[in-house]
Amino acid sequence: MKKGIIGKKVGMTQIFDENGKVVPVTVLQAGPCVVVQKKTPESDGYTAVQLGYGEISNNKVSKPAKGHFAKGDVAPKRTLREFRFNDISEMNVGDIIKADVFAPGDKIDASGISKGKGYAGTIKRWNGHIMRRTHGTGPIARHAGSMGSASTPSRVMKGKKLPGHMGAERVTVQNLTIVKVDAENNLIAVKGALPGAKGSVLCIQNSVKA
């Protein structure tokens, strides 16, 4: 059965396995989440569930959102995310999903917004090469280089790697391993690094490679 949950990145640490080997992990405050809506092929054209995570004051929710939550008879949630599953027959609106839906050894995919790095040049943004800093190079060692001929094509080709905003984009890291699950405190320790800064919201579900 496909499983999914919304969580918040607590930070990174390290734990020891049964052999005494150090394992670097990212800790997630996963859930509790509530099923806000079920989507079926008859009503929406596909199968999915919408989960809600995080408390929010009723005064900070728009009127359409209030109606959406009232329809499912659930309290307003700060974050809503949709998970597409093939079978949602065992899930119902109002069900609570906690960290214990996963177990150590499960393979997962984690999606979130990466850290924003601001405006960056071609060297940092695209891992380009700099010019040799020899006599005559001048202050252009980290410039983008040629934009193309002035006559043909007389424009910058689409897709050229230029300076611009770096980071702050949706990233999915696949095939990660859950090392430990603390069901009492709704904590999940995942081997390796996950996208986003501390406190950012992440969605995790069964790995498509599993």
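Parameters at a glance
- Residues numbered from 1 in each chain as written.
- Predicted model: local features only at pLDDT ≥ 70, side-chain atom pairs only at ≥ 80, totals over all residues.
- Heavy atoms only, no water.
- Pairing = 2+ DSSP bridges.
- Helix = DSSP H or I, 4+ residues; strand = E, 2+ residues; numbered from the N terminus.
- Contact = heavy atoms within 4.5 Å.
- Axes fitted to C-alpha atoms, helices over the stretch in contact; angles between N-to-C directions.

**Side note on the sheet that holds strand β5 (residues 77-83)**
So, step 1. Judged by pairing direction, the sheet is antiparallel, and its four strands sit side by side in the order β5-β4-β3-β6 without closing on themselves. Two strands bound the open sheet, and with one partner strand each, they are β5 and β6 (96-97).
So, step 2. Note that strand β4 (residues 48-55) and β5 share six bridges and pair antiparallel. Each residue of the ladder has a partner; that of Leu-51, found in β5, is Arg-81.
So, step 3. Together, β3 (33-39), β4 and β5 form the strand contacts of helix α1 (residues 63-72), whose direction differs from that of β3 by roughly 90°.

**Side note on the sheet that holds strand β10 (residues 170-182)**
So, step 1. Spatial strand order, β1-β2-β11-β10-β7-β12: six strands in a closed barrel with antiparallel pairing. Mean inter-strand twist for the sheet, computed between neighbouring axes without regard to direction, equals 50°.
So, step 2. Relative to strand β2 (residues 22-30), strand β1 (residues 4-16) is paired through nine bridges, and the arrangement is antiparallel. Counted as the bridge partner of Met-12 is Thr-26 from β2.

Functional significance is not addressed by these values, which are geometric in nature.
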